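Coordinate analysis (summary)
Chain by chain, the residues run as shown.
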Amino acid sequence: MTSILFFVLYPFYGFLGLIVYLGGFFVDGDHVLTYMFENKDFRLRTMFSLKKIYRWCKEEDLTGKYVICIFHTAEFWILFIILVFFYPVLMPVLFGLILHMIMDIIYMFRHKSYSHRSYSIIYKYVINS
Ligand SMILES: [Zn+2]
């Protein structure tokens, strides 16, 4: 979906469209981190087992287990927005993150899988512990 967005933005914004795309693309890198921490598997080759990680994420969706995807949490967003305040050059990346989250929310509502992911580290480890 992010790739389609890139092709739509590129003719109008050129290089900025690429940065928006990269921001939206790399935010899902946290699924790799979540997999590694949940399975205590920190081998380098695990990082590149994207098919295996994708399958695991789909299974996690079905279990309803509450997992943290760090780049999708409110705390990360607050820190990133503060960072953009000091480094406005990161604004296109923030735009890519926002578009990514909108698409994630639409996907979760369509597949009714919105309850398994924790959107706050504080909520998961302090309030809900
Ligand atoms: Zn996502």
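Below, the structure is looked at part by part. (Residues numbered from 1 in each chain as written. Predicted model: local features only at pLDDT ≥ 70, side-chain atom pairs only at ≥ 80, totals over all residues.)

**A few points about helix H5 (residues 74-86)**
The terminal C-alpha atoms of H5, which comprises 13 residues, lie 19 Å apart, in line with the 18 Å expected from a rise of 1.5 Å per residue. A small share of H5 lies buried, amounting to zero of its 13 residues. (Helix = DSSP H or I, 4+ residues; strand = E, 2+ residues; numbered from the N terminus. Expected span 1.5 Å × (residues − 1). Buried ≥ 20, exposed ≤ 12 C-beta atoms within 10 Å, placed from the backbone.)

**Section: the packing of helix H2 (residues 15-26) against helix H6 (residues 91-111)**
One can describe the packing of H2 onto H6 by two numbers: an axis separation of 7 Å at closest approach and a directional angle of 50°. Judged on the interaxial angle alone, H6 and H2 are oblique. Relative to H6, the crossing made by H2 is right-handed. Along the contact surface, H2 presents Leu16, Ile19, Val20, Tyr21, Leu22, Gly23 and Gly24, while H6 presents Pro92, Val93, Leu94, Phe95, Gly96, Leu97, Leu99 and His100. Of the residues that constitute the contact of H2 with H6, the class distribution is 11 nonpolar, four polar and no charged. (Axes fitted to C-alpha atoms, helices over the stretch in contact; angles between N-to-C directions. Parallel < 35°, antiparallel > 145°, perpendicular 65-115°, else oblique. Left-handed = near helix turned anticlockwise from the far one by under 90°. Contact = placed C-beta atoms within 7 Å. Nonpolar A, V, L, I, M, F, W, Y, C, P; charged D, E, K, R; others polar.)

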